[in-house]
Amino acid sequence: QVQLVESGGGLVQAGGSLRLSCAASGRTFSNYNMGWFRQAPGKEREFVAGISRSGGNTYYTDSVKGRFTISRDNAKNTMYLQMNSLKPEDTALYYCAAVRSLDYSRHYSAREYDYWGQGTQVTVSS
(Lines give C-alpha, C1' and ligand atoms only; values in the text may rest on other atoms or scores of the structure.)
Protein backbone atom coordinates (compact mmCIF):
# COMPACT_ATOMS: atom_id res chain seq x y z
CA GLN A 1 0.00 0.00 0.00
CA VAL A 2 1.04 3.55 -0.73
CA GLN A 3 -0.53 6.42 1.16
CA LEU A 4 -0.62 9.79 -0.59
CA VAL A 5 -1.45 13.14 0.98
CA GLU A 6 -1.77 16.34 -1.06
CA SER A 7 -1.32 19.85 0.30
CA GLY A 8 -0.76 23.38 -0.94
CA GLY A 9 -4.09 24.17 -2.52
CA GLY A 10 -5.94 27.42 -1.91
CA LEU A 11 -7.56 30.50 -3.38
CA VAL A 12 -5.48 32.63 -5.73
CA GLN A 13 -6.15 35.38 -8.25
CA ALA A 14 -5.73 34.79 -11.95
CA GLY A 15 -2.08 35.12 -12.91
CA GLY A 16 -0.92 33.93 -9.51
CA SER A 17 1.01 30.84 -8.47
CA LEU A 18 0.65 27.86 -6.16
CA ARG A 19 2.82 24.87 -5.40
CA LEU A 20 1.14 21.59 -4.60
CA SER A 21 2.89 18.83 -2.70
CA CYS A 22 2.15 15.11 -2.53
CA ALA A 23 3.73 13.26 0.38
CA ALA A 24 4.01 9.49 0.03
CA SER A 25 4.45 6.79 2.65
CA GLY A 26 4.19 3.05 2.96
CA ARG A 27 6.33 1.71 0.12
CA THR A 28 9.49 2.71 -1.74
CA PHE A 29 8.53 5.96 -3.43
CA SER A 30 11.09 5.62 -6.21
CA ASN A 31 9.38 2.44 -7.43
CA TYR A 32 6.36 4.44 -8.59
CA ASN A 33 5.64 6.62 -11.56
CA MET A 34 3.51 9.52 -10.37
CA GLY A 35 0.86 11.80 -11.78
CA TRP A 36 -1.32 14.81 -11.05
CA PHE A 37 -4.98 14.84 -12.04
CA ARG A 38 -7.76 17.34 -11.51
CA GLN A 39 -11.52 17.27 -11.43
CA ALA A 40 -13.80 20.26 -11.74
CA PRO A 41 -17.47 20.11 -10.68
CA GLY A 42 -19.55 18.25 -13.22
CA LYS A 43 -16.52 17.14 -15.21
CA GLU A 44 -14.49 13.98 -15.47
CA ARG A 45 -11.13 13.61 -13.78
CA GLU A 46 -8.43 14.69 -16.21
CA PHE A 47 -4.71 14.13 -16.47
CA VAL A 48 -2.53 17.17 -15.74
CA ALA A 49 1.09 16.01 -15.53
CA GLY A 50 3.19 12.90 -15.02
CA ILE A 51 6.72 12.08 -13.90
CA SER A 52 8.80 8.95 -14.15
CA ARG A 53 10.26 7.07 -11.21
CA SER A 54 13.63 8.71 -11.50
CA GLY A 55 12.21 12.12 -12.36
CA GLY A 56 13.99 12.12 -15.69
CA ASN A 57 10.84 12.09 -17.80
CA THR A 58 8.01 14.58 -17.39
CA TYR A 59 4.93 15.11 -19.54
CA TYR A 60 1.90 17.42 -19.48
CA THR A 61 -1.52 17.95 -20.91
CA ASP A 62 -1.45 20.70 -23.53
CA SER A 63 -3.46 23.22 -21.51
CA VAL A 64 -0.79 23.49 -18.78
CA LYS A 65 2.41 23.24 -20.83
CA GLY A 66 4.69 26.18 -20.13
CA ARG A 67 2.76 27.10 -16.96
CA PHE A 68 2.99 24.02 -14.70
CA THR A 69 6.09 22.07 -13.68
CA ILE A 70 6.04 18.64 -12.10
CA SER A 71 8.98 17.43 -10.04
CA ARG A 72 9.83 14.93 -7.33
CA ASP A 73 12.33 14.46 -4.53
CA ASN A 74 12.76 10.74 -3.92
CA ALA A 75 14.86 11.38 -0.82
CA LYS A 76 11.88 13.21 0.71
CA ASN A 77 9.20 10.88 -0.73
CA THR A 78 7.46 13.92 -2.15
CA MET A 79 6.18 15.08 -5.52
CA TYR A 80 5.40 18.67 -6.45
CA LEU A 81 3.37 20.64 -8.96
CA GLN A 82 4.44 24.23 -9.43
CA MET A 83 1.57 26.13 -11.03
CA ASN A 84 2.22 29.57 -12.51
CA SER A 85 0.06 31.95 -14.53
CA LEU A 86 -3.04 30.35 -13.11
CA LYS A 87 -6.35 30.78 -14.91
CA PRO A 88 -9.93 30.45 -13.67
CA GLU A 89 -10.27 27.30 -15.77
CA ASP A 90 -7.57 25.67 -13.61
CA THR A 91 -10.04 25.65 -10.72
CA ALA A 92 -10.51 22.03 -9.60
CA LEU A 93 -9.80 19.45 -6.97
CA TYR A 94 -6.24 18.27 -7.62
CA TYR A 95 -5.22 14.68 -6.92
CA CYS A 96 -1.88 12.92 -6.93
CA ALA A 97 -1.64 9.29 -7.98
CA ALA A 98 0.91 6.50 -8.11
CA VAL A 99 1.45 3.52 -10.39
CA ARG A 100 4.14 0.88 -10.13
CA SER A 101 5.61 0.42 -13.58
CA LEU A 102 8.81 0.68 -15.57
CA ASP A 103 10.77 3.89 -15.34
CA TYR A 104 10.12 6.27 -18.27
CA SER A 105 6.72 4.75 -19.00
CA ARG A 106 3.86 7.22 -19.42
CA HIS A 107 0.40 6.99 -17.92
CA TYR A 108 -2.35 9.36 -19.01
CA SER A 109 -5.46 7.49 -17.89
CA ALA A 110 -6.74 7.56 -14.32
CA ARG A 111 -7.56 3.87 -14.66
CA GLU A 112 -3.86 3.05 -14.90
CA TYR A 113 -3.06 4.35 -11.43
CA ASP A 114 -3.15 2.18 -8.34
CA TYR A 115 -3.11 4.68 -5.48
CA TRP A 116 -4.72 8.08 -4.95
CA GLY A 117 -4.65 10.91 -2.47
CA GLN A 118 -7.73 12.65 -1.09
CA GLY A 119 -7.25 15.80 -3.16
CA THR A 120 -6.52 19.47 -2.51
CA GLN A 121 -8.75 22.28 -3.77
CA VAL A 122 -7.38 24.95 -6.10
CA THR A 123 -9.61 27.94 -6.80
CA VAL A 124 -8.56 30.68 -9.20
CA SER A 125 -10.60 33.87 -9.15
CA SER A 126 -10.89 36.16 -12.17
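Everything quoted here is computed from the prediction, not taken from an experiment.

Asker: Describe the state of the cysteines, naming the residues involved and giving the relevant values.
Answerer: Scanning all chains against the criterion turns up one disulfide. Across the disulfide from Cys22 sits Cys96; the S-S distance is 2.1 Å. What sets the handedness of the Cys22 and Cys96 disulfide is the S-S torsion sign, and at about 60° it is right-handed. Separated by 74 residues along the polypeptide, Cys22 in strand β3 (residues 18-25) and Cys96 in strand β9 (residues 92-100) bring together distant segments of the chain. Among the residues examined, Cys22 registers a relative accessible area of 0% and is labelled buried. With relative accessibility at 0%, the residue Cys96 sits in the buried group.

Asker: Could you give an account of the pattern of salt bridges, with specific residues and numbers?
Answerer: All told, the structure shown has four salt bridges when counted by the stated rule. Between Arg38 and Asp90 there is a salt bridge, with its nearest N and O atoms 2.9 Å apart. With Arg38 in strand β4 (residues 32-39) and Asp90 in the loop between β8 (78-83) and β9, this residue pair connects regions lying 52 residues apart in the sequence. Where Asp62 meets Lys65, a salt bridge forms, and the shortest distance between an N and an O atom there is 3.0 Å.

Asker: So, the nonpolar core: which residues are in play, and what are the values?
Answerer: Core analysis: the largest hydrophobic core is formed by 29 residues, its most contacted members being Leu4, Met34, Trp36, Met79, Leu81, Met83 and Tyr94. When contributions to this core are tallied by element, the ones reaching two or more residues are β3, β4, β5 (46-51), β7 (68-73), β8, β9 and β11 (120-125). With near-sequence residues (within four places) excluded, Met34 lies in contact with Leu4, Cys22, Phe29, Ala49, Gly50, Ile51, Arg72, Met79, Ala97, Ala98 and Tyr113. Counting six residues, the second largest nonpolar core, distinct from the first, contains Phe37, Phe47, Ala97 and Val99.

Asker: With reference to specific residues and values, describe the sheet that holds β8.
Answerer: The strand order β1-β3-β8-β7 describes an open sheet built from four strands, whose pairing is antiparallel. With one partner strand each, in any of the chains shown, β1 (3-7) and β7 form the two edges of the open sheet. Across this sheet, the average inter-strand angle for adjacent strands is 15°, counted without regard to direction.

Asker: Could you give me a rundown of the environment of Tyr80, with the residues and numbers involved?
Answerer: Along the polypeptide, Tyr80 turns up in strand β8. Taking C-alpha positions, Tyr80 is 19 Å from Asp62, a pair spaced 18 residues apart along the chain. Those residues in contact with Tyr80 that lie beyond four places of it in its chain are Arg19, Leu20, Ser21, Trp36, Thr69, Ile70, Ser71, Arg72 and Asp73.

Asker: An account of the packing of aromatic side chains is requested, with residue identities and associated values reported.
Answerer: Scanning the model with the defined rule gives nine aromatic pairs in all. Ring plane angle 80° and centroid distance 6.3 Å describe the contact between Tyr95 and Trp116, whose orientation is recorded as edge-to-face. Of this pair, Tyr95 sits in strand β9 while Trp116 sits in strand β10 (residues 115-116), and the two are 21 residues apart along the sequence. When its relative accessible area of 10% is taken as the criterion, Tyr95 is described as buried. Trp116 gets classed as partly exposed once you look at its relative accessible area, which sits at 26%. Connected via pairs of aromatic rings, a cluster forms that spans Phe37, Phe47, Tyr59, Tyr95, Tyr108, Tyr113 and Trp116.

Criteria and thresholds
- Residues numbered from 1 in each chain as written.
- Predicted model: local features only at pLDDT ≥ 70, side-chain atom pairs only at ≥ 80, totals over all residues.
- Heavy atoms only, no water.
- Disulfide = S-S within 2.5 Å.
- Helix = DSSP H or I, 4+ residues; strand = E, 2+ residues; numbered from the N terminus.
- Buried < 20%, exposed > 50% of the residue type's maximum accessible area, 1.4 Å probe, protein only.
- Salt bridge = Lys/Arg side-chain N within 4 Å of Asp/Glu carboxyl O.
- Core = buried A, V, L, I, M, F, W, Y, C linked by side-chain atoms within 4.5 Å.
- Contact = heavy atoms within 4.5 Å.
- Pairing = 2+ DSSP bridges.
- Axes fitted to C-alpha atoms, helices over the stretch in contact; angles between N-to-C directions.
- Phe/Tyr/Trp six-rings, centres within 6.5 Å; stacked < 30°, edge-to-face > 60°.

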